[in-house]
Amino acid sequence: MALLAAPRAMADGIRGAPGEAATAQVTIPSYWDPRRRSERVDLTRVPQIRFLTEDDFPPYNFAGPDGRPAGFNIDIARAICEELGVPCTIQVRRFDLLTESLDRNAGDAIIASLAITPDIRRRFEVSDRYLETPARFLLRHDTRLTEATPEALTGRSIATVQGTAHEAYITQYFPLSARRVYPDIETARRALLERDVDLLFADGVASGFWLSGEASAGCCRFLGGAFTESRYFGEGLAIVMRRGNEPLRRAVNHALQRLWEKGTYAELYLKAFPAGIY
């Protein structure tokens with residue numbers, strides 16, 4: 001098992017999907033094989049797509065200034081419908097009612113960063129993955145470390161949040177580091193800011209926004225690459241549909257690959273994550 005590997009396929013600005021040459025400093029993730037021929041789909045069996053989402057999980061899905069759904073997931077949903085040329089609606093539900101609404105045929109697909117668990121795969125159709133949510137190491141600018149390996153971090157103190165996959169991962173794979181567990185992410189970040197610990201290991205997306213925001217006071221940076229072990233950090237983002245809706249699943253997968261091939265995916269990724277998360 002590769003513990004420190006980045007996602008299985010990546011584009012670093014000039015490799016990969018078209019339209020990325022201007023983004024050489026930001027790693028654009030790619031989950032599609034450029035050698036794979038996109039499946040032909042019969043769109044007569046996909047007359048429309050009624051997406052279900054929720055509006056309290058930025059930057060993925062949230063209520064925009066005008067009250068309408070916004071965010072990375074919403075942009076992906078609209079781009080899919082435009083690529084397929086089918087009518088599209090986006091309906092907001094409470095997060096805990098999303099799968100029930102799908103079961104009741106109140107929508108056709110969930111796009112809301114729903115965790116892809118074995119139970120979800122058993123009950124529903126699931127699209128190809130279109131984003132992973134990696135873990136990252138953070139440290140202060142003046143901490144002299146260049147690698148995020150178990151050997152390099154031997155004896156170093158690492159903050160994690162209690163009861164998270166990040167705590168479990170550090171416990172398992174960094175046994176020679178000094179583990180420091182905190183009740184919430186705000187307390188763990190403060191420990192890093194106040195030099196109570198050498199490093200913080202946490203969600204890469206939230207950490208990226210914290211690093212670029214005022215709360216971090218420009219203290220810190222990422223160390224090393226992204227940790228994407230699915231047993232700890234999940235399978236990433238995918239679209240969930242009712243079991244047996246194979247035409248819609250094939251159409252969605254076709255559209256996702258086409259969005260990547262055309263460079264649209266890179267544009268939407270940079271809009272949501274301008275500093276990158278890998």
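Residues numbered from 1 in each chain as written. Predicted model: local features only at pLDDT ≥ 70, side-chain atom pairs only at ≥ 80, totals over all residues. Heavy atoms only, no water.

Caption draft 1: Quick peek at helix α5 (residues 185-193). Among the residues of α5, Thr187, Ala188, Arg189, Ala191 and Leu192 are the ones counted as buried. Buried residues in α5 make contact with β10 (135-140), β11 (157-161), β12 (178-182), β13 (199-203), α6 (204-212) and β14 (220-227). At the N-terminal boundary of α5, the capping side chain belongs to aspartate 184, with an oxygen 3.3 Å from the backbone nitrogen of glutamate 186. Just past α5, the residue arginine 195 takes up positive phi, approximately 65°. (Buried < 20%, exposed > 50% of the residue type's maximum accessible area, 1.4 Å probe, protein only. Helix = DSSP H or I, 4+ residues; strand = E, 2+ residues; numbered from the N terminus. Contact = heavy atoms within 4.5 Å. Polar contact = N/O pair within 3.5 Å; in protein donor to acceptor, adjacent residues only side chain to side chain.)

Caption draft 2: Expanded view of the nonpolar core. Ile49, Phe72, Ile80, Tyr130, Leu131, Tyr265 and Tyr269 are the most contacted members of the largest nonpolar core, which totals 40 residues. Where this core is concerned, the elements lending two or more residues are β3 (49-53), α1 (72-84), α8 (246-261) and α9 (264-272). Listed in part, the 16 residues of the second largest apolar core include Phe137, Leu153, Tyr173 and Phe174. (Core = buried A, V, L, I, M, F, W, Y, C linked by side-chain atoms within 4.5 Å.)

Caption draft 3: Spatial organisation of the packing of aromatic side chains. All chains considered together, the criterion is met by 23 aromatic pairs. Relative to tyrosine 269, the ring of tyrosine 265 has its centre 6.5 Å away and its plane inclined at 20°; by these criteria the two rings are stacked. Of this pair, tyrosine 265 and tyrosine 269 both sit in helix α9, separated by 4 residues, roughly a single helical turn. We classify tyrosine 269 as buried; its relative accessible area is 0%. For the cation-ring pair, arginine 136 lies above phenylalanine 222, with the distance from its terminal atom to the ring centre recorded as 4.0 Å. (Phe/Tyr/Trp six-rings, centres within 6.5 Å; stacked < 30°, edge-to-face > 60°. Lys NZ or Arg CZ within 6 Å of the ring centre and 35° of its normal.)

Caption draft 4: Representation of unusual backbone geometry. With an omega of 5°, the peptide bond between proline 58 and proline 59 qualifies as cis. Mapped onto the secondary structure, proline 59 falls in the loop between β4 (56-57) and β5 (61-63). Look at asparagine 105: it is not a glycine, yet its phi comes out positive at around 65°. Here asparagine 105 shows up in the loop between α2 (98-103) and β8 (109-110). Even without being a glycine, alanine 217 presents a positive backbone phi close to 55°. Overall, alanine 217 belongs to the exposed group, its relative accessible area being 67%.

Caption draft 5: Representation of empty space enclosed by the protein. Going through the model one piece at a time under the given rule, you end up with 1 cavity of 30 Å³ or more. What lines the largest cavity is simply Glu132, Thr133, Thr228, Phe233, Gly234, Glu235 and Gly236. Of the residues belonging to the lining of the largest cavity, the class tally is 1 nonpolar, 4 polar and 2 charged. (1 Å grid on protein atoms, 1.4 Å probe; cavity = no way out; pocket = protein on both sides within 12 Å on 5 of 7 lines; lining within 4 Å. Points joined across faces, edges and corners; volume = space filled by probe spheres on them. Nonpolar A, V, L, I, M, F, W, Y, C, P; charged D, E, K, R; others polar.)

Caption draft 6: Quick peek at the environment of histidine 254. When you line up the elements, histidine 254 lands in helix α8. When the C-alpha atoms of histidine 254 and valine 181 are compared, they prove to be 43 Å apart, with 73 residues separating the residues in sequence.

Caption draft 7: Inspection of the sheet that holds strand β6 (residues 69-70) at higher detail. Read from one edge to the other, the open sheet built from 3 strands follows the order β4-β5-β6, with strand pairing classed as antiparallel. Edge positions in the sheet fall to β4 and β6, since each has one partner strand and no second. In this sheet, β5 lies alongside β4 in antiparallel orientation, the contact comprising 2 bridges. By the bridge assignment for β5, phenylalanine 57 is matched with asparagine 61. (Pairing = 2+ DSSP bridges.)

Caption draft 8: Just the layout of surface pockets, in detail. Roughly 490 Å³ of volume is contained in the largest pocket. Lining the largest pocket are 22 residues, and of these Phe57, Tyr60, Thr133, Asp203 and Phe233 sit closest to its centre. Elements that contribute at least two residues to the lining of the largest pocket include exactly α4 (165-173), α6 and α7 (230-233). The leading source of residues in the lining of the largest pocket is α6, at 3 residues. Residues belonging to the lining of the largest pocket are distributed by class as follows: 14 nonpolar, 6 polar and 2 charged.

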